[in-house]
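Secondary and tertiary structure notes
Now for the letters of each chain:
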Amino acid sequence: MNDIILEIQSKILSKILLNYDMGQSTWFRTGGKAKGYCIVNNLKDLKTILSYSDQIKYYIIGVGSNLLVRDSGFDGLIIKLGREFNKIELNNNILSVGAAVLDLNLSKFALKNSIKDFEFFSGIPGTVGGAVKMNAGCYGSQTSDNLKRVLVINELGKIKFINIADLKLEYRTSNISDKTIILQADFKYEYSSQEEIIYKNNSIKTKREKSQPLKEKTSGSTFKNPSGQYAAELIEKAGCKGIKVGDASVSTIHANFIINNGNANATDIENLGNIMVKKVKESFGINLEWEIKVLGK
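Residues numbered from 1 in each chain as written. Predicted model: local features only at pLDDT ≥ 70, side-chain atom pairs only at ≥ 80, totals over all residues. Heavy atoms only, no water.

Another point: the overall build of the chain. The number of helices and strands found in the chain is 7 helices and 17 strands. Here the chain has a C-alpha radius of gyration of 19 Å; the compact-globule value for 297 residues is 19 Å, and the two agree. Expressed as lengths along the three principal axes of its C-alpha atoms, the size of the chain is roughly 55 × 50 × 30 Å. Across the chain, every contact between residues at least 6 apart in sequence was considered, and the portion connecting residues at least 24 apart equals 64%. Accessible surface computed for the chain: about 14300 Å², of which carbon and sulfur atoms make up 46%. (Helix = DSSP H or I, 4+ residues; strand = E, 2+ residues; numbered from the N terminus. Rg over C-alpha atoms; globule rule 2.2 N^0.38 Å. Contact = heavy atoms within 4.5 Å. Areas by Shrake-Rupley, 256 points an atom, 1.4 Å probe, with all protein chains shown as cover.)

Neighbouring strands of a sheet are bound in pairs by backbone hydrogen bonds; such pairs are parallel or else antiparallel. Judged by pairing direction, the sheet is antiparallel, and its 5 strands sit side by side in the order β6-β7-β12-β10-β11 without closing on themselves. Edge positions in the sheet fall to β6 (88-91) and β11 (159-163), since each of these pairs with one other strand and no more. Taken pair by pair, the neighbouring strands of this sheet meet at an average axis angle of 25°, ignoring direction. With 4 bridges joining them, strand β7 (residues 94-98) and strand β12 (residues 181-187) adopt antiparallel strand pairing. When the bridges of β12 are listed, Val97 appears paired with Ala185. The sheet contacts of helix α3 (residues 103-112) involve β6, β7 and β12, and relative to β6 the element is tilted by about 40°. (Pairing = 2+ DSSP bridges. Axes fitted to C-alpha atoms, helices over the stretch in contact; angles between N-to-C directions.)

Glancing now at the nonpolar core. Grouped together as the largest cluster of nonpolar side chains are 53 residues, with contacts concentrated most on Leu46 and Phe187. Not counting chain neighbours up to four residues away, the residues in contact with Leu46 comprise Val40, Ile79, Leu81, Phe85, Ile153, Ile181 and Leu183. Core analysis: the second largest hydrophobic core is formed by 25 residues, Ile235, Val250, Ala264 and Val280 among them. (Core = buried A, V, L, I, M, F, W, Y, C linked by side-chain atoms within 4.5 Å. Buried < 20%, exposed > 50% of the residue type's maximum accessible area, 1.4 Å probe, protein only.)

The subject of this paragraph is helix α1 (residues 2-9). Within α1, the full set of buried residues consists of Ile4, Ile5, Ile8 and Gln9. Within α1, the buried residues cover an arc of 140° as seen down the axis, which keeps them to one side. (Arc of directions from axis to C-beta.)

To continue, consider the packing of α3 against helix α5 (residues 194-211). For the pair α3 and α5, the least separation of the axes is 9 Å and the interaxial angle reads 155°. With respect to α5, the element α3 is oriented roughly antiparallel. Contacts between α3 and α5 involve Ala110, Leu111 and Lys112 from the first element and Gln194, Ile197, Ile198 and Asn201 from the second. Broken down by class, the residue content of the contact of α3 with α5 amounts to 4 nonpolar, 2 polar and 1 charged. (Parallel < 35°, antiparallel > 145°, perpendicular 65-115°, else oblique. Nonpolar A, V, L, I, M, F, W, Y, C, P; charged D, E, K, R; others polar.)

This next bit is on the side chain of Asn42. Inspection of the secondary structure assignment puts Asn42 in the loop between β2 (33-40) and α2 (43-50). Asn42 sits in the buried class, given a relative accessible area of 17%. At a separation of 3.2 Å, a polar atom in the side chain of Asn42 contacts the main-chain amide nitrogen of Lys44. (Polar contact = N/O pair within 3.5 Å; in protein donor to acceptor, adjacent residues only side chain to side chain.)

Another aspect to go through is α5. In an α-helix, one full turn covers 3.6 residues, which means residues spaced three or four apart are oriented alike. Here α5 spans 26 Å end to end across 18 residues, near enough to the 26 Å set by a 1.5 Å rise per residue. Listing the buried residues of α5 in full gives Ile197, Asn201, Ile204 and Arg208. Viewed along the axis of α5, the buried residues span an arc of 65°, placing them on a single side of the element. In α5, the exposed positions that point more than 90 degrees away from the buried face belong to Glu195, Tyr199 and Lys210. (Expected span 1.5 Å × (residues − 1).)

As a further point, take the packing of aromatic side chains. Enumeration according to the criterion identifies 7 aromatic pairs in this entry. Between Phe118 and Phe187, the ring centres sit 5.4 Å apart and the planes meet at 80°, which makes this aromatic pair edge-to-face. Of this pair, Phe118 sits in the loop between α3 and α4 (128-133) while Phe187 sits in strand β12, placing them 69 residues apart in sequence. Here the two residues Phe118 and Phe187 agree in accessibility, since each one is buried. With a centroid separation of 4.9 Å and an interplanar angle of 55°, the aromatic rings of Phe223 and Trp290 are classed as tilted. Taken as a pair, Phe223 in the loop between β13 (217-221) and α6 (231-237) and Trp290 in the loop between α7 (266-284) and β17 (293-295) lie far apart in primary sequence, 67 residues in all. One aromatic cluster is present, built from ring pairs that chain together Phe118, Phe120, Phe121 and Phe187. In this structure, Lys179 packs its charged tip against the face of Tyr58, placed 4.8 Å from the ring centre. (Phe/Tyr/Trp six-rings, centres within 6.5 Å; stacked < 30°, edge-to-face > 60°. Lys NZ or Arg CZ within 6 Å of the ring centre and 35° of its normal.)

To continue, consider the pattern of salt bridges. Here the idea is simple: oppositely charged side chains can pair when their charged atoms come close. Tallying each qualifying case throughout the model produces 10 salt bridges. Of the charged contacts in the structure, one is a salt bridge between Glu270 and Arg70, with a shortest N-O distance of 2.6 Å. Here the residue Glu270 occupies a position in helix α7, and Arg70 occupies one in the loop between β4 (67-69) and β5 (74-81), the gap between them amounting to 200 residues. Two residues, Glu196 and Lys200, come together in a salt bridge whose shortest N-O distance is 3.6 Å. Placement of both Glu196 and Lys200 in helix α5 is noted, with a separation of 4 residues, approximately one turn of the helix. Classification of Glu196 by relative accessible area gives partly exposed; the value is 37%. Salt bridges sharing common partners tie together Lys133, Asp178 and Lys293. (Salt bridge = Lys/Arg side-chain N within 4 Å of Asp/Glu carboxyl O.)

Here it is as structure tokens:
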């Protein structure tokens, strides 16, 4: 595996870090090592890496805000998109956003340009590529609301646009495979007053500060909301609030958040999540589905 990674490194400008501790790049601040980790700064390098897709596993990440890497690590190359994919442009009534752009920065750009209905992105801790892939959303809005199409590259290096109708974007899901890498998202948009946009941004900020453990080592919502239900309410009623495994605990502020209190490993966090699933199943007959992506064997 290392021989292949070193061969790839000899052909690209982007730097590959070997045996990379993924705890450095996930919001849980824990987890195993990846064989390689690369911030890919241009499309040429990305195509070169993908030309080895039949010889090496790869996985694309954003800021690691929704990711738990098991302690056994990831036997492949972690790819994070860099400079060339971190741009926002307004062209022909289309808002084109690179996949590496932070959701928060997209909301800031929208405010600066008096574009409405992108306020909810200020409440999503991730990148636009990840937001599209999982149709991220909060407070009544979701990524698919204004999305028009996405530009993607597959494991064979083929680049194409996919229209929203073909993405099957539903609640926290899409049909975009882990092998397909989103390069850019194109949104339709409308204008509004900056005062109205600022009001909505402030409202989201206030709600998050009151209801979420924002200063903790956490990856946000652990489980998806079951149809017609709230995962946090089910978890709390099942008696999970505050329970611990190792140094991982269920937040006492928001029951759908797992917190690394300092020294939790990935196994602690995953085991705690599985206890939450079991307790909710026993109490209500409902199967919770992980919203956090768990990576590794």
